[in-house]
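# What the coordinates show
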Amino acid sequence: MHPKNLGEDALPNFKAIADRDIEAILISHAHQDHIGTLPLLMRRFSNARIFMTEATAEIGSTLLHNSVNVMTRQRARAEATSYPLFTHRETDRASERWRWCPLRQRILITGERSSESGTDALTFEFFDAGHVLGSTGIVLRGGGRTVFYTGDVNFDNQTIMEAAIFPEGKIDILIIECTRGDHVKPEGWTRAGEERRLAEAIGRAFERGSCVLIPVFALGKTQEMLAMLHKFRRERLLPDFPIYIGGLSSKFTDIYDRRAHRTRRQLPRLQLMKEVAPFILNDETIRDVPARGGRVYALSSGMMIPKTLSNVFARRLVENPQHSIFFVGYANPESPAGLLRETAAGGEVALDPDWPPQRVRCNVQQFQFSAHATREGLVDYAKKLSPKKILLVHGDPPAVEWMRSTLTDELPDSDVIVPSPGTEFEL
Ligand SMILES: [Zn+2]
Ligand SMILES: [Zn+2]
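A few points on the structure. (Residues numbered from 1 in each chain as written. Chains lettered and ligands numbered in written order. Predicted model: local features only at pLDDT ≥ 70, side-chain atom pairs only at ≥ 80, totals over all residues. Heavy atoms only, no water.)

Turning our attention to the overall build of the chain. Within the chain, the regular secondary structure consists of 13 helices and 18 strands. For 427 residues, the compact-globule estimate of 2.2 N^0.38 gives 22 Å, and the chain sits close to it at 22 Å. Reported as C-alpha extents along the three principal axes, the dimensions of the chain are approximately 65 × 50 × 40 Å. A buried classification covers 53% of the 427 residues belonging to the chain. For the chain, the share of sequence-separated contacts (at least 6 apart) that also reach a separation of at least 24 residues comes to 73%. For the chain, the exposed surface amounts to about 19400 Å²; the carbon and sulfur share of it is 50%. (Helix = DSSP H or I, 4+ residues; strand = E, 2+ residues; numbered from the N terminus. Rg over C-alpha atoms; globule rule 2.2 N^0.38 Å. Buried < 20%, exposed > 50% of the residue type's maximum accessible area, 1.4 Å probe, protein only. Contact = heavy atoms within 4.5 Å. Areas by Shrake-Rupley, 256 points an atom, 1.4 Å probe, with all protein chains shown as cover.)

If you trace the 3 strands from one edge of the open sheet to the other, you get E1-E2-E3, paired in parallel fashion. Strand pairing shows two members of the sheet lacking a second neighbour, strand E1 (24-26) and strand E3 (98-100), which therefore form its edges. Between one strand axis and the next, the sheet turns by 30° as a mean value, whatever way the strands run. In this sheet, E3 lies alongside strand E2 (residues 49-52) in parallel orientation, the contact comprising 3 bridges. Each residue of the ladder has a partner; that of Phe-51, found in E3, is Arg-99. (Pairing = 2+ DSSP bridges. Axes fitted to C-alpha atoms, helices over the stretch in contact; angles between N-to-C directions.)

Right, let's get into the packing of aromatic side chains. A full pass over the atoms with the stated rule returns 13 aromatic pairs. Taking the centre distance of 6.2 Å and the plane angle of 80° together, the rings of Phe-127 and Phe-148 count as edge-to-face. Here Phe-127, found in strand E5 (residues 123-128), pairs with Phe-148, found in strand E7 (residues 145-149); they are 21 residues apart in sequence, far enough to count as distant. Neither Phe-127 nor Phe-148 differs from the other in exposure class; each is buried. (Phe/Tyr/Trp six-rings, centres within 6.5 Å; stacked < 30°, edge-to-face > 60°.)

It is the contact of helix H3 (residues 54-76) with helix H7 (residues 247-258), at a shortest axis distance of 10 Å, that shows an interaxial angle of 170°. The pairing of H3 with H7 is recorded here as roughly antiparallel in orientation. Contacts between H3 and H7 involve Glu-58, Ile-59, Thr-62, Leu-63 and Asn-66 on the former and, on the latter, Leu-248, Lys-251, Phe-252, Ile-255 and Arg-258. Tallied by class, the residues present in the contact of H3 with H7 amount to 5 nonpolar, 2 polar and 3 charged. (Parallel < 35°, antiparallel > 145°, perpendicular 65-115°, else oblique. Nonpolar A, V, L, I, M, F, W, Y, C, P; charged D, E, K, R; others polar.)

All right, on to the coordination of the zinc ion (ligand 1) then. Ligation of the zinc ion (ligand 1) by protein atoms is provided by His-29 (NE2), His-31 (ND1), His-131 (NE2) and Asp-152 (OD), these donors lying 2.2 to 2.3 Å from the ion. Geometry at the zinc ion (ligand 1) is irregular, judged from its 4 donor atoms and the angles of 90 to 164° they form at the metal. Between the zinc ion (ligand 1) and the zinc ion (ligand 2), a separation of 3.5 Å is found, and both are coordinated by Asp-152. The pair His-29 / His-31 is uniform in exposure class, with both members buried. (Donors = N, O, S within 2.8 Å, 3.2 Å for Na, K, Ca; no water. Tetrahedral: all angles 85-135°; square planar, octahedral: opposite > 155°, others 65-115°.)

Our next topic: the sheet that holds strand E11 (residues 279-281). What the 6 strands build is an open sheet, ordered E11-E10-E12-E9-E13-E16; its pairing is parallel. Every interior strand has two partners, whereas the edge strands, E11 and strand E16 (363-366), have only one. Between one strand and the next, the sheet's axes are offset by a mean angle of 25°, whatever the strand orientation. Where strand E9 (residues 212-215) lies against strand E13 (residues 324-327), 2 bridges are found, and the strand directions are parallel. Across the sheet, the residue bridging to Leu-213 is Ile-325, located in E13.

Across soluble globular proteins, nonpolar side chains have a tendency to be buried as a group. Core analysis: the largest hydrophobic core is formed by 65 residues, its most contacted members being Leu-38, Ile-50, Trp-98, Leu-198 and Met-225. Looking at this core element by element, the count peaks at 7 residues for H3. Contact partners of Leu-38, with chain neighbours within four places excluded, come to Ile-25, Ile-27, Ile-50, Met-52 and Trp-98. (Core = buried A, V, L, I, M, F, W, Y, C linked by side-chain atoms within 4.5 Å.)

Before going further, it helps to examine the state of the cysteines. When the sulfur atoms of two cysteines share a covalent bond, that bond is a disulfide. Enumeration over the complete set of coordinates arrives at 0 disulfides. With no disulfide of its own, Cys-211 lies 9.3 Å from the sulfur of Cys-362, the closest cysteine sulfur. Cys-211 gets classed as buried once you look at its relative accessible area, which sits at 0%. Classification of Cys-362 by relative accessible area gives buried; the value is 5%. (Disulfide = S-S within 2.5 Å.)

Here we come to unusual backbone geometry. Following Tyr-83, the chain continues into Pro-84 via a peptide bond in cis, with omega recorded as -10°. Relative to the helices and strands, Pro-84 resides in the loop between H3 and helix H4 (88-96). Ser-301 follows Ser-300 through a cis peptide bond whose omega is 10°. Structurally, the position occupied by Ser-301 is in the loop between strand E12 (296-299) and helix H10 (309-317). Even without being glycine, Arg-236 reaches a positive phi, approximately 60°.

Here the zinc ion (ligand 2) is held by Asp-33 (OD), His-34 (NE2), Asp-152 (OD) and His-394 (NE2), and the distances to it run 2.1 to 2.2 Å. Each of the 4 donor atoms around the zinc ion (ligand 2) contributes to a set of angles spanning 89 to 165°, which defines the coordination as irregular. For the zinc ion (ligand 2), all donor residues lie on one chain, and their spacing in sequence is D-H-x117-D-x241-H. His-394 sits in the partly exposed class, given a relative accessible area of 31%.

Moving on: the environment of Thr-62. Structurally, the position occupied by Thr-62 is in helix H3. For the pair Thr-62 and Phe-252, spaced 190 residues apart in sequence, the C-alpha separation works out to 7.9 Å. Apart from residues lying up to four places away in sequence, Thr-62 is in contact with Leu-248, Lys-251, Phe-252 and Ile-255.

None of this, on its own, says anything about what the molecule does.
In structure tokens, the structure reads:
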């Protein structure tokens, strides 16, 4: 689904598969854009089997129940009359039908394990995508052909997540994400260097009596940021200071903590809720929590969608030159976070259509800690596989275009395809 749009506009184009018999639905990970309409899809295809990792199932059920609450509030504000698109009860019934699959295991579309030697039967296999907890890329094998869908991937270590381990054997068709396709890696960028730059920027902000808002996705970026702030305090780059996160983020953080010892990750003993001990804010408390200097507010949503904690809090800070808003990851260019990032100091920005535009006087800075692969990493991986066909998905048009022209040049024997929604391709 499209996380920025509302109501029917946010839904995937189900038309193209409306008359099909769908046997199985494979979920790569539990971010909203990948799992947000699963109960609707399951309603349409009640016989389909649903497969995902156990961590994705746990996170996904929490996320969908939260979506019901968010949609119910949006309905109350008359933003979308069709909301909620599904209920708590339907979410419970849906998640009972999900089947958990381990990584690196060939599984038949019927759900049974498949022997490695295998027949021509259709199988799938999950690979660790290194993006967020539970995230996968998915290999489909059948009739002697191999299709690989990357999902959202990171080929580099983050603070918690370790780099993806993806297949390097024969892949005929590669379906690859393009999120950072229009992103030029800054000269001399290293993750360690960027961490230092962020710690110093927070330190300087604190000296000015500033509080720091960091808009983050509830799943993934929140936990990465908590672990990074923990490192800053432990390495004495920064003093001890209060950190605030939102309620949904705290639920996902609990899941990271509970699964820490059985996840392939860094800092496996770090229990974020206990050791970093963030304070929890909700829709009510966000309105009057004091914006006091020397505090970090790592609030979702990452794109500062109107009415979310980060949006409400940003509107309180944006006109005050004392305060700071630091961006640390991807934001759709048309989202409030994307708009604010592009607005020069002194310019006007409308963060919520229900409120008048505001003049940007706070300190806005950008840092690069993406949970997505660099475009160079994506191209290197595609070159390693050198598949017959490459389908480019999950990117803004300029990002997809850079990937298309680069891969066309670098892999002249591969057919590079930019699929438009609803179009059928013979693979
Ligand atoms: Zn994702
Ligand atoms: Zn995504």
